[in-house]
Amino acid sequence: MRFLVLFFLFFQFMLAQNSKLDSIQNLLLSPISLEDRVDIYHKLSYYYLPQDYDLSVLYADSSYRFSISLGDTFRIADAIDLYAKLKLRRGNSDSARYYYSQYENLFGGFSNSAYIENEAFLLGELGVLFFYKSNFDSALYYFEESIEKNTILNNQNVVARMQSNIGSILYHQEQYDQALQHFKSAQLIFEGAVKDTLALLNVLNNTGLIFHDLEDYPKAISYFERGIHLANQVNSDISLEMLFLNLGSVYFRLDDFEVALNYFEQSLAIKKKNKIPFGINLERIASVYFKTGFFNKSKERYLAAIAEFNKYEDEIHIFNAQLGLADVYEASVKALGITVTAVTAHEDGKADYSAEVSTLASAGGDAVAVIGYLDQGGKGIIQGSLDSGAFD
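Residues numbered from 1 in each chain as written. Predicted model: local features only at pLDDT ≥ 70, side-chain atom pairs only at ≥ 80, totals over all residues. Heavy atoms only, no water.

Looking now at the side chain of Ser-45. Take Ser-45: it is sitting in helix α2 (residues 34-48). Ignoring anything within four residues of it in the chain, the contact list for Ser-45 reads Ser-56, Tyr-59, Ala-60 and Leu-82. (Helix = DSSP H or I, 4+ residues; strand = E, 2+ residues; numbered from the N terminus. Contact = heavy atoms within 4.5 Å.)

Summed over all chains, the structure comprises 24 aromatic pairs. Their ring planes at 15° and their centres at 5.9 Å tell us that Tyr-48 and Tyr-59 sit as a pair that is stacked. Highlighted residues: Tyr-48 in helix α2 and Tyr-59 in helix α3 (residues 53-70), separated in sequence by eleven residues. Residue class for Tyr-48 comes out buried when judged on its relative accessible area of 11%. Here Tyr-59 falls in the buried class, since its relative accessible area comes to 12%. Note on Tyr-251 and Tyr-263: the rings are 6.0 Å apart at their centroids and 20° apart in plane angle, and the pair reads as stacked. With Tyr-251 in helix α12 (residues 237-253) and Tyr-263 in helix α13 (residues 257-273), this residue pair connects regions lying twelve residues apart in the sequence. Using a relative accessible area of 15% as the deciding quantity, one classes Tyr-251 as buried. Here Tyr-263 falls in the buried class, since its relative accessible area comes to 16%. (Phe/Tyr/Trp six-rings, centres within 6.5 Å; stacked < 30°, edge-to-face > 60°. Buried < 20%, exposed > 50% of the residue type's maximum accessible area, 1.4 Å probe, protein only.)

What follows is about the pattern of salt bridges. Summed over all chains, the structure comprises 14 salt bridges. Close ionic contact of Lys-133 with Asp-94 constitutes a salt bridge, the shortest N to O distance being 4.0 Å. Taken together, the positions of Lys-133 in the loop between α6 (116-132) and α7 (136-152) and Asp-94 in helix α5 (residues 93-106) put the pair 39 residues apart, joining distant regions of the chain. For Glu-308, the salt bridge is made with Lys-311, and the minimal N-O distance between the two is 3.1 Å. Of this pair, Glu-308 and Lys-311 both sit in helix α15 (residues 295-311), three residues apart, which is roughly one turn of that helix. Several salt bridges converge on common partners, so that one network encompasses Asp-39, Asp-72 and Arg-75. (Salt bridge = Lys/Arg side-chain N within 4 Å of Asp/Glu carboxyl O.)

With that settled, consider a nonpolar patch on the surface. Residues Val-370, Leu-374, Ile-382 and Leu-386 make up a contiguous nonpolar surface patch of roughly 370 Å² in combined accessible area. Mapping Leu-374 onto the fold places it in the loop between α17 (354-362) and α18 (377-388). (Patch = residues over 30% accessible without salt bridge, like charges linked within 9 Å, V, L, I, M, F, W, Y side chains within 5 Å. Areas by Shrake-Rupley, 256 points an atom, 1.4 Å probe, with all protein chains shown as cover.)

Counting 85 residues, the largest nonpolar core has Tyr-103, Phe-143, Phe-190, Ile-210, Phe-224, Leu-243 and Leu-247 as its most contacted members. Among the elements that make up this core, the one with the highest residue count is helix α10 (residues 197-213) (nine residues). Membership of the second largest hydrophobic core comes to seven residues, among which are Tyr-46, Tyr-53, Ala-60 and Leu-86. (Core = buried A, V, L, I, M, F, W, Y, C linked by side-chain atoms within 4.5 Å.)

If you want it as structure tokens, here you go:
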């Protein structure tokens, strides 16, 4: 997995220094207007959205509650949009769709042309929603509709973001030439009329991913390194983390494992500092150690990655890390001169593992090594082997 950026249409609220964050939070303790208080809650919720879900929810609740007190339709709409993003962050697209429906209802279904800006905003958000549901046809429709509305409004920033989002769809569909055209269109706007550095570095990241997949590694490195330069300029840790991870993947492909490890470690440090799940980094580091023959270090990192993935019930990455761990064990015993006759996967939660035991026994080995949970399939394989006498 590599990390591609999709644009939500929210205000890019960046707090590079903890002192700046503290000063903004301290404003809440001072006598400020209710409008200012709502706006601060709103910005803080966005700030914490990628790193502290519960705190982001807390600020979103405050933003919504005080917006209701004000009776301010637009601030209420902003708070509703926050709720939708929070639900989408947790993968609950149906709940996110409910909040976007509430957003639309708040403006009477956009029958009044005076609300065209809000309609244009919602179209882009719905595009993101359907993108994450892998409904790319619907996502493409909403992104194109958003471009049409925002072109009327002469909102070049959003037009560029939607161009980039369409590029992301085409990337997933492996239509690389067309994806590059859309990313280039977005890049030209961000470099010219709009001058949005953070958005530009995200487009550079996405373009680098395409060249990575095309195995044009020099171009991929060039785009990622330019993105890193910009991320340092705007002091964006989150962007740096992503770019380090993707650049490390390029050097891994080039078998430059020392450089790859360095970038994976830098990405890991940023994630730990910002309390972002870091299982992917541990898995990548484990793969480097495996490739370079450090099997014990590889095993340690894979086990740590699995523990991290388990915290968030990330079943896909748990499975991938388990496969990597199995490779480590196989390589380790082969290094000791032991012949591996068969390797097979097993599913947890089955009542009977006799078929798996039979497959392993028929391969002719003298012993079986079981990598699994003692309260799940691992115990079943061991018990099945004892019951059948397959490896006495």
